[in-house]
Amino acid sequence: MSGSQFIDVLVVGAGPSGSALAIDLVRRGLVVRIVDRSPHAFDGSRAKGVQPRSLEVLEDLGALKEVLAGGSTYPRLGIHAGPLAVPWKMFPHKEATSDVPYPNTWLIPQFRTDRALHARLGELGREVEFGRKLTELTQDEDTVVAKVVGADGVEEIVARYVVGADGGSSAVRKQLGIGFVGTTHESDRMLIADASVTGLARNRWHMWPGRGGKFIGACPLPDSDMFQWMIRLAPDEEPPSEKDHILRRIHDHTRDRRIQLHDIRWTSVFRPNIRLAEHYGRGRVFLAGDAAHVHTPAGAQGLNTGMQDGYNLGWKLGQVLAGADPALLTTYEAERQPIAAGVLGLSTEKWGGIAKLDPSSMKRGKDEQQLALTYYGGPLAPADGMRTETLRVGDRAPDAELRGSDGAGVRLHDVFRGPHFTALAYGPRAARDLERIDWPTTGARLKRLAVGPAAADGSAFSDTKDTLRRSYGLTGDTLLLIRPDGYIGHIATSDFLTTTRSAARAMTPSPPLDPPHTMTP
């Protein structure tokens with residue numbers, strides 16, 4: 001056994017959830033390792049839909065450019081009925097607005113999303129350690145000891161915290177003895193296959209429905225000659241594995257012998273698991289992504305929900321490691337578990353609708369896009385707090401178009417980007433108290449942003465197009481504290497300084513101190 005190494009956080013699992021978390025932790029200056037039991041990065045298209053909120057997360061983490069380059073918007077459905085193909089608009093195409101910069105679900109095979117995240121991690125000086133399997137976890141009040149087996153033997157890694165993002169069969173969850181409550185439908189199976197194809201138009205996501213919930217779907221994967229095939233199997237049907245057998249199955253169902261498969265890159269047999277972890281962690285070990293929740297693929301929610309798990313947990317781990325009250329980490333489960341429970345219900349309903357050939361089950365809207373996701377009413381977003389005309393504490397902080405003192409345009413989300421908090425003051429009285437907020441010198445720093453309705457009022461930024469005022473529902477002086485994950489941590493429409501300091505105490509290493517002097521109004 002090799003000697004122990006002491007680090008801040010060990011991430012187990014290098015899919016989108018674990019990789020997003022690792023990026024966030026590394027950019028906070030933490031010592032992080034990320035291990036994965038697979039010998040190499042994932043090769044399949046599996047989770048191919050990246051939702052608008054996830055695109056915003058990827059932008060903040062620095063991986064969006066490569067994700068956009070490797071994907072496209074979704075094509076229309078082509079529902080085949082005999083010789084006819086009926087076009088069906090599953091995703092309403094929307095134009096970007098000042099408050100929603102990426103309004104459309106992005107089609108990209110998962111292997112490209114994974115590689116974009118791994119490339120970003122490499123830019124930050126960390127690499128995924130593939131071929132390393134977790135075999136044992138023990139913990140005490142201060143550390144976690146993980147035994148990891150690789151080609152060079154057994155290594156003992158000592159970490160302050162461990163996060164299991166290692167999938168539905170999570171070794172971390174099993175080591176913790178946490179229940180995974182729900183059902184697995186063994187008789188409801190689907191063969192997924194990535195294959196090079198000719199004889200099929202690439203401007204449609206093709207679907208051939210059949211009786212009894214049987215169907216075959218073929219979604220074109222961008223910048224390739226591949227389709228992701230989805231073949232729903234009969235309860236007693238042996239999944240075809242060879243190319244010729246898969247093609248015969250396609251021909252038998254579609255009656256279209258123009259379709260030809262030339263190369264199969266990846267296959268998997270999917271069974272609907274609908275399960276939720278009873279707890280999102282124990283002691284110094286946490287769960288994220290499929291290790292905490294699994295559900296049907298309907299609605300393209302799994303990858304997106306998992307990435308948001310990591311995005312929620314990352315800043316909280318960073319703050320606690322910098323000296324914040326460890327109670328902050330209990331808010332991870334409190335905020336994320338109800339979100340996953342809602343996603344399980346949504347995806348299960350959509351999956352059942354597909355089996356019944358219900359057209360509404362193929363529609364996608366705001367519920368799937370995760371832009372309306374909120375932590376309102378949770379431990380960091382009390383329901384009795386102040387609000388604006390459009391926003392409550394715990395809601396996503398919208399984007400807006402501002403203008404700097406030099407006249408240049410500035411996106412509000414560009415100001416938010418990074419591992420910091422942002423205090424946004426609208427109006428002169430809020431701007432005055434903005435400068436009076438003392439902030440801890442450890443942990444995530446505070447970026448201050450004063451915005452006025454016009455540049456003439458002396459603010460650093462102006463809202464000349466009223467995009468901030470409209471999307472944030474501002475009717476007067478307001479001070480907002482934006483969390484590092486882009487959700488609103490506090491809203492003050494009066495008593496700006498006292499209430500903002502109080503809200504910050506739960507999220508920072510030490511309570512903000514009274515300033516040594518009083519600024520002149």
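For the structure itself, look to the data block above.
Computed from a predicted model, the values in this text were never measured in an experiment.

Rules behind the numbers
Think of each chain on its own: its residues are numbered from 1, step by step along the sequence as written. Per-residue local features of the predicted model are confined to residues with pLDDT of at least 70, and side-chain atom pairs are confined, for both listing and counting, to 80 or more; whole-chain, interface and lining totals are unaffected and use all residues. Here the side-chain values reflect all heavy atoms present in the structure, with hydrogen atoms and water set aside. Counting from the N terminus, the helices are DSSP H or I runs at least four residues long and the strands are E runs at least two residues long. Burial classification: accessible surface area is computed with a 1.4 Å probe over protein chains only, and a residue below 20% of its type maximum counts as buried, one above 50% as exposed, and the rest as partly exposed. Here the positive residues are Lys and Arg and the negative ones are Asp and Glu; neither His nor the chain ends is included. Put simply, a salt bridge is a Lys or Arg side-chain nitrogen that is within 4 Å of an Asp or Glu carboxyl oxygen. As used in this structure description, the phrase polar contact means that two N or O atoms lie within 3.5 Å; if the pair is within protein, one of them must be able to donate a hydrogen and the other to accept it, and residues adjacent in sequence are counted only when both atoms belong to side chains. Strands were regarded as paired on the criterion that DSSP finds at least two bridges between them. Between the N-to-C directions of two axes lies an angle of 0 to 180 degrees, each axis being a line fitted to C-alpha atoms and, for a helix, fitted only over the stretch in contact. Any two residues whose heavy atoms approach within 4.5 Å are treated as being in contact. Each Phe, Tyr or Trp ring, with Trp reduced to its six-membered ring, pairs with another whose centre is within 6.5 Å; inter-plane angles below 30 degrees give stacked pairs, above 60 give edge-to-face pairs, and intermediate values give tilted ones.

Caption draft 1: Geometry of the side chain of D463. By secondary structure assignment, the location of D463 is in the loop between β26 (461-462) and α12 (467-472). Among buried Asp, Glu, Lys and Arg side chains, D463 stands out as unpaired, with R469 the closest opposite charge at 5.4 Å. In this structure the side chain of D463 is engaged in a polar contact, spanning 3.0 Å, whose partner is the backbone nitrogen of T467.

Caption draft 2: Broad picture of the sheet that holds strand β13 (residues 189-198). One open sheet accounts for seven strands, arranged β6-β5-β14-β15-β16-β13-β17; its pairing is mixed. Looking along the sheet, the strands with just one partner apiece sit at the ends: β6 (84-88) and β17 (260-270). Strand-to-strand twist of the sheet, defined as the mean angle between neighbouring strand axes without regard to direction, takes the value 20°. Bridging between strand β14 (residues 204-209) and strand β15 (residues 215-220) involves four bridges; their strand directions are antiparallel. Bridging across to β15, P209 finds its partner in F215. On top of the sheet, helix α6 (residues 243-254) reaches β13, β14, β15, β16 (226-233) and β17; it is set at about 90° to β17, its chief contact.

Caption draft 3: Main features of unusual backbone geometry. Positive phi outside glycine occurs at D466, with the angle close to 60°. Within the secondary structure, D466 sits in the loop between β26 and α12. In the Ramachandran plot, D495 falls in the positive-phi region, its phi being about 45° despite a non-glycine side chain. Note on placement: D495 falls in the loop between β28 (488-492) and α13 (496-505).

Caption draft 4: Representation of α13 within the structure. Most of α13 is tucked away, with seven of its 10 residues classed as buried. Among the residues making up α13, those that are buried are F496, L497, T499, T500, R501, A503 and A504. Those residues of α13 hidden inside the fold are in contact with α11 (428-434), β27 (478-482) and β28.

Caption draft 5: Looking closely at the sheet that holds strand β18 (residues 273-277). With antiparallel pairing, the three strands of this open sheet are ordered in space as β12-β18-β21. Both outer strands of the open sheet, β12 (180-184) and β21 (293-294), are each paired with one neighbouring strand and no more. Bridge analysis of β18 against β21 gives two bridges, and the strand direction is antiparallel. Residue pairing for β21: R275 is matched across the bridge by V294.

Caption draft 6: Quick look at the pattern of salt bridges. One pass over the structure, following the stated rule, counts 33 salt bridges. K147 is the salt-bridge partner of E136, the closest N and O atoms lying 3.7 Å from each other. Of this pair, E136 sits in strand β9 (residues 133-139) while K147 sits in strand β10 (residues 144-150), and the two are 11 residues apart along the sequence. Using a relative accessible area of 23% as the deciding quantity, one classes K147 as partly exposed. Residue R429 is joined to D477 by a salt bridge in which the shortest nitrogen-to-oxygen separation is 4.0 Å. Of this pair, R429 sits in helix α11 while D477 sits in the loop between α12 and β27, placing them 48 residues apart in sequence.

Caption draft 7: View of the packing of aromatic side chains. According to the stated counting rule, one finds 10 aromatic pairs in the structure shown. Residues F42 and W266 carry aromatic rings whose centres are separated by 5.5 Å and whose planes lie at 80° to one another, so their mutual orientation is edge-to-face. Placement of F42 in the loop between β2 (32-36) and β3 (49-50) and of W266 in strand β17 is noted, with a sequence separation of 224 residues between them. For W266, a relative accessible area of 13% translates into the label buried. Judged by centre distance (6.3 Å) and plane angle (40°), the rings of Y161 and F286 are tilted. Of this pair, Y161 sits in strand β11 (residues 153-164) while F286 sits in strand β20 (residues 285-287); the two residues are 125 residues apart in sequence, bridging distant segments of the chain. On the basis of relative accessibility, which here comes to 7%, the residue F286 falls in the buried class.

Caption draft 8: Examining the environment of T475 more closely. Along the polypeptide, T475 turns up in the loop between α12 and β27. The exposed category is assigned to T475, whose relative accessible area is 68%. When the C-alpha atoms of T475 and E401 are compared, they prove to be 18 Å apart, with 74 residues separating the residues in sequence.

Caption draft 9: Structural detail: the pairing of β27. The element β27 is largely enclosed, with a buried count of five among its five residues. Every second residue of β27 is oriented toward a common face, with T478, L480 and I482 on one face and L479 and L481 on the other, all of them buried. The sheet contact formed by strand β24 (residues 421-426) and β27 spans five bridges and is antiparallel. In the strand pairing of β27, T422 is matched with I482. Here β27 pairs with β28 via four bridges, running antiparallel. Among the inter-strand pairings, L481 is bridged to a residue of β28, identified as H490. A loop of five residues connects β27 with β28, the two strands running antiparallel in sequence, and G486 in this loop sits at a positive phi of about 80°.

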